Number of protein chains: 2
Amino acid sequence: MKKISIILCCLLGWQSQAQNTQISPDGNVKVTFELNPSGKPFYKIWYKNQEVIKQSYMGLELKNTTDLIADFKVIKEEKSTFDETWQPVWGEESHIRNHYNELLVSLHQKTSDRFMNIRFRVYNDGVGFRYEFPEQKHLTYFTVVEEWTEFAMTGDHTAWWIVGDYDTQEYDYTESKLSQIRLLNQGAINHNASQTPFSRTGVQTSLMMKTDSGLYINLHEAALVDYSCMHLNLNDSNFVFQSHLTPDATGDKAHLQAPCHTPWRTIMVSDDARNILASRLILNLNDPCAYEDTSWIKPVKYIGVWWEMISGKSSWAYTDELPSIQLDKVDYTKLKTNGKHAANNQNVRKYIDFAAQHGFDQVLVEGWNVGWEDWFGHKKDYVFDFVTPYPDFDLKALNEYAHSKGVKLMMHHETSSSVRNYERHMHKAYQLMNDYGYNAVKSGYVGDIVPRGEHHYGQWLVNHYLYAVTEAAKYKIMVNAHEAVRPTGLCRTYPNLIGNESARGTEFESFGGNKPFHTTVLPFTRLQGGPMDYTPGIFETQIWNVNPDNGSYARSTLAKQLGLYLTMYSPLQMAADLPENYSKYLDAFQFIKDVPVDWQKSIYLEAEPGRYITVARKDKHSNDWYIGCTANENGHISKLKLNFLDKNKKYEATIYADAKNAHYKNNPKAYTITKRKVDANTTLTLVAKEGGGYAVSIKEIKK
Amino acid sequence: MKKISIILCCLLGWQSQAQNTQISPDGNVKVTFELNPSGKPFYKIWYKNQEVIKQSYMGLELKNTTDLIADFKVIKEEKSTFDETWQPVWGEESHIRNHYNELLVSLHQKTSDRFMNIRFRVYNDGVGFRYEFPEQKHLTYFTVVEEWTEFAMTGDHTAWWIVGDYDTQEYDYTESKLSQIRLLNQGAINHNASQTPFSRTGVQTSLMMKTDSGLYINLHEAALVDYSCMHLNLNDSNFVFQSHLTPDATGDKAHLQAPCHTPWRTIMVSDDARNILASRLILNLNDPCAYEDTSWIKPVKYIGVWWEMISGKSSWAYTDELPSIQLDKVDYTKLKTNGKHAANNQNVRKYIDFAAQHGFDQVLVEGWNVGWEDWFGHKKDYVFDFVTPYPDFDLKALNEYAHSKGVKLMMHHETSSSVRNYERHMHKAYQLMNDYGYNAVKSGYVGDIVPRGEHHYGQWLVNHYLYAVTEAAKYKIMVNAHEAVRPTGLCRTYPNLIGNESARGTEFESFGGNKPFHTTVLPFTRLQGGPMDYTPGIFETQIWNVNPDNGSYARSTLAKQLGLYLTMYSPLQMAADLPENYSKYLDAFQFIKDVPVDWQKSIYLEAEPGRYITVARKDKHSNDWYIGCTANENGHISKLKLNFLDKNKKYEATIYADAKNAHYKNNPKAYTITKRKVDANTTLTLVAKEGGGYAVSIKEIKK
């Protein structure tokens, strides 16, 4: 189903000052474009006649040539409409409507005789725009010193922000007024393996805000390809955000060759927070799927030899005998194991057995390959080869064992951010995966980038991450990249990018904990660009019960952990805890076994950033529905009308909820499981306790 | 034949100041090692009791930790002798003797509890030493801020130097006193596509010097592996050279992981300049061949579709129609050719025919692959794919045509210094070579390095160049890398590295000319580390006869061009001129056809840097000898005793000499060819005119 109608109008020709306006299909969102008397472009955005973005200048500062900032004339303005419904390979919905009105402004820079277009797409839930550089004589290769795109806020909004940083997003969110960002900046920086904060008022996108009048505004970008990641730097005297790109090793921000364009800069807006979560604006601004055959891309539910290392109980490394490892010289068979190496044959078989018993698709095994003894913090070039297993990991036998039980192993490629080394070994590594029957890889980019001076979010790495994904596609391999740049909807074009981390994940519950409201923020921010491998499902939230030396605990009840399988949408969902912990709570574990990872439809029932999120999703392959809720430290009471259920069907609901006395701090594992018949007329009242949540499966009762 | 005897002695133990001495096998070279009262290591070198290197400190400045400069104690000193004769895969000689006395000093840095060794190898023609970092607890990963190795000269020597630069060696040499380097520095810098001079008194190695007392001294390095290239920075108040390493993008000089060592720092010394040329010290300091099978490595004599582009007559590019090229979007079949594209089917066949007719092994074809329209100067990432030919180059048919005539095509991989892109495409490119029957590639690194901020001579690139060579070996491919770091004898270990450029080659004769003395310097400097693809054989030295728009001319007579096939030793020799120019001088061309590219034995008959070089070489596969001479702008008269000939054999000599009125400026193509019988008792008097030279073939008269 594809309907495209293009209406060309308003060919304004050469004039000293041009103005034009485009509105969203429902008329609620309006954008205007103008040039000031110096020929500097600017735009404004309104939502239901409220100003959302005040006069905001646009342009790029270039290296060793005239900037693309002023001296512009409008030579053409074209309007068009686009309406299409497309089917993602996987997603929150089986059909996505892409409906927008477009305004394409063609600009000419008089003195330099250069051309630049600005293309706006206006959706019911926001606006995307990008700079385009057509093929032309006087602009071919150019270097961006900085992109100067403004996002002028109308007031001192409340924001849910993390510190602007060239190398990590693994920060806890802070909720504050814009005016408080400077004050709170230093306190918002926790240690990370690689981090480069750039400003006291720098924040990352996607940035979620709320105005005093109740508008929800989200700033992000879409389709970040061969350009550097955009952060935002706030001028807190006037609440104007400036785009701030990630530099390369020499300080330049991007290197472009016309014809080309920047990523989309996105402004989502609504007076209902649920619309921000339901928005498909970011995906829609990305190109359609680049692959002809996507039959090999499948959502995955998995467990892993992982949490026992994260909790400190076990180790990735095989030995403690050497001060450092040189892969081309070491002979592991002559070294003593440290006795804590988790990726050993016996232990991996235990996980495989558990996965097979409970219907998981895959078992991630980290620490299977040689080099983990000194993989971290040395900017080591030849740190891993991605193909050689430790002596106690029988690559062939374990894969055969897994396959015999209907389970796959999931590959792990920690790169230690040594990306040249990864690219050198990538093809052999992918080939090995093909040879042994792996079809998904979790990759990682921990630590400072090699080549030195480059950053995780610079153009060099942005290019690399996508290279890793498109090369993997040639081997029909799905990629879940951790510590890579946060996603910008590229999974539409490259759906084998089935996950990213790119935020503070569950692992930090073992490193001191995430704020209790964390998962009520992430769907408004990090998840806007694509799914996150958040790795929920920690039942033993008190980590000292796994490793007595670890005093940390998850800021979550057990029931909330179940709710996350709904609220943290991902086609790749882990049950992150240890098999023995699930064995203690098999009744609750049933929900994780039941919950699908691919959906026909999703309905955000309740949402308020930093407070709570409740979502209902319909299984892609049945008539069953699932509901999940996450709440902050204050808990939340839901009254859910189930009118989304099929009026002609009956259902049985199983409700996994916090017990009355549950609390994330002192009583996290107190939960109740109740069953009841429900239908489209039912209203459910459900309670998430402090730091709690709930999960509900609603299964069709077949006649 | 392998004789190794190790004599351990002088276990000095802990003491506040240690001194030890090692001498060369013939007793002429002496090195001493000491610590000063602060525990700073230093060394001195003598030759026949003359001081060559005055007290010179040694050490390394490290990042964020105690430097390896002072606070050392000697814990052990070991002496040993080594004597072995080995057979290179190709070379100036079929057997090379590696005979040295070694002094290994084990040092302990007290406060930091770290260990460092300094290993000296003392040869009859000089000294090599390196720093070694054994496996230890308190020194694993470390970053070198600078290596502080001194080479303290005894006076204001005469030097033949080029400007110290992180990115190019393509400078003309300057002959001056050390004290004049600062004054002459700026004038010695000509434009290059990528250049980064670092100091007014910075010079490159190998550096050739002559003392007032007639000693010849050469400073260089051997076995540069995974470290950055060493330049020298002169303190011209005391004539002390400081090592100066090439920085990475962040300014650091090298990143090391113990156990490891630096390259060898080499000091060659003799009172006879011929010994410098005959020295095998650099090769001997390299590791033995790393490959088991070297049967696929063969010296190559070749012509190329090249000089017509260098002279400006033809172009690498196929079209002039587009302002820039995006390889993934352009369709060349829809573009008009510029009519000057040399790598077209018809023209390449002409070269193949010529090669077959005259017995050349290979035909290099540059500009065969898509992307040349804007390959240069843009730091373009995806600049070439190395596998897609232009529409007018039929990859399959041309290779088949060549093979049918007993000729191979030679591959060309210009990387435009976009090394990530090269590594991404390298394996497919090598595979394509295998598929079509190529076995040698000329690679190029023109322009600034991508990743940006890295330099041609930094550790990152040093690692890359060797990676390209060792990966090529997996495909049995020989590599001739242009614009790569200058060689340091690695061809012993990796003999498929059959050539490098890494200096100002013949191409500059078309870009304004090389100084007439250029080829009397290069063997003393650039060639110390390994062969150069100098591309001699320009018969039409007046380039305007090739391209009327080019006013340049070679500072050489035609006869000297023949002499270069001897004086510029290489297993890879090009006949660089156009077939039509050779057709005009077929009698002289006979020498190029005759001259071998691999040798049993080489005897330097005469040598004085900057003045003249005359060498006799015996064919590896016959009893024939060849002599070549190159002279500077003043010419040279040789009286050559042929007592190296077999006393029991008779020979016929063919002498290709400058005519009496020849002169590189006004009468370069005046030559004479004479034949005469010679034997071991013959003395030949031969004259090289101004900027001239000569060549002689001495063929055994078989009974």
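Each remark here, short or long, concerns the structure printed above.
On a predicted model such as this, the values are computed, not experimentally measured, just so you know. (Residues numbered from 1 in each chain as written. Chains lettered and ligands numbered in written order. Predicted model: local features only at pLDDT ≥ 70, side-chain atom pairs only at ≥ 80, totals over all residues. Heavy atoms only, no water.)

**Quick word on the relation of the copies chain B and chain A**
- For the pair chain B and chain A, the relating rotation is 180°, the translation along its axis is 0.0 Å, and the fit reaches an RMSD of 0.0 Å. Given the turn and translation reported, the copies of this chain are related as if by a two-fold rotation axis. In terms of proximity to the rotation axis, the leading residue of chain B is Ala249 of chain B, whose C-alpha is 3.1 Å off the axis.
- When the interface residues of chain B are mapped onto chain A, 100% of them again fall at the interface, so both copies present the same face. (Least-squares fit on C-alpha atoms with pLDDT ≥ 70 in both. Contact = heavy atoms within 4.5 Å.)

**A word on the pattern of salt bridges**
Residue and element names in this part refer to chain A.
- Enumeration according to the criterion identifies 84 salt bridges over all chains in this entry.
- Here Asp598 and Lys620 are joined by a salt bridge, their closest N and O atoms 3.4 Å apart. Of the two residues, Asp598 is situated in the loop between helix H12 (586–594) and strand E30 (599–608) and Lys620 in the loop between strand E31 (612–619) and strand E32 (625–631); the sequence distance between them amounts to 22 residues.
- When salt bridges with common partners are traced through the structure, they connect Glu102, Arg119, Arg121, Arg130 and Glu132 into a single cluster. (Salt bridge = Lys/Arg side-chain N within 4 Å of Asp/Glu carboxyl O. Helix = DSSP H or I, 4+ residues; strand = E, 2+ residues; numbered from the N terminus.)

**Let's talk about the sheet that holds strand E25 (residues 408–414) of chain B**
All names here are of chain B.
- Strand order in the open sheet made by the seven strands is E28-E27-E26-E25-E24-E23-E29, with parallel pairing throughout. With partners counted over all chains shown, the strands left at the sheet margins are strand E28 (497–500) and strand E29 (572–574), one partner each. Pairs of neighbouring strands in the sheet enclose a mean axial angle of 25°, with direction left out of account.
- Across three bridges, the pairing between strand E27 (residues 478–482) and E28 is parallel. Within the sheet, the bridge partner assigned to Val479 lies in E28 and is Leu497. (Pairing = 2+ DSSP bridges. Axes fitted to C-alpha atoms, helices over the stretch in contact; angles between N-to-C directions.)

**With respect to the nonpolar core**
- Core analysis: the biggest nonpolar cluster contains 201 residues, and Phe120, Phe133, Phe151 and Phe241 of chain A have the highest contact counts within it.
- The element contributing the most residues to this core is helix H8 (residues 459–474) of chain A, with ten residues.
- Composition of this core by domain shows at least three residues from each of domain 1 (20–285) and domain 2 (300–598) of chain A.
- Apart from residues no more than four positions distant in its own chain, Phe133 of chain A is found in contact with Leu60, Leu68, Phe115, Met116, Leu139, Phe142, Leu256, Ala258, Pro259, Cys260, His261 and Thr262 of chain A.
- One finds Leu256, Val446, Tyr457 and Leu497 of chain B within the second-largest nonpolar core, a separate group that totals 199 residues. (Core = buried A, V, L, I, M, F, W, Y, C linked by side-chain atoms within 4.5 Å. Buried < 20%, exposed > 50% of the residue type's maximum accessible area, 1.4 Å probe, protein only. Domains from an automatic or database assignment.)

The quantities given are spatial measurements derived from coordinates; they are silent on function.
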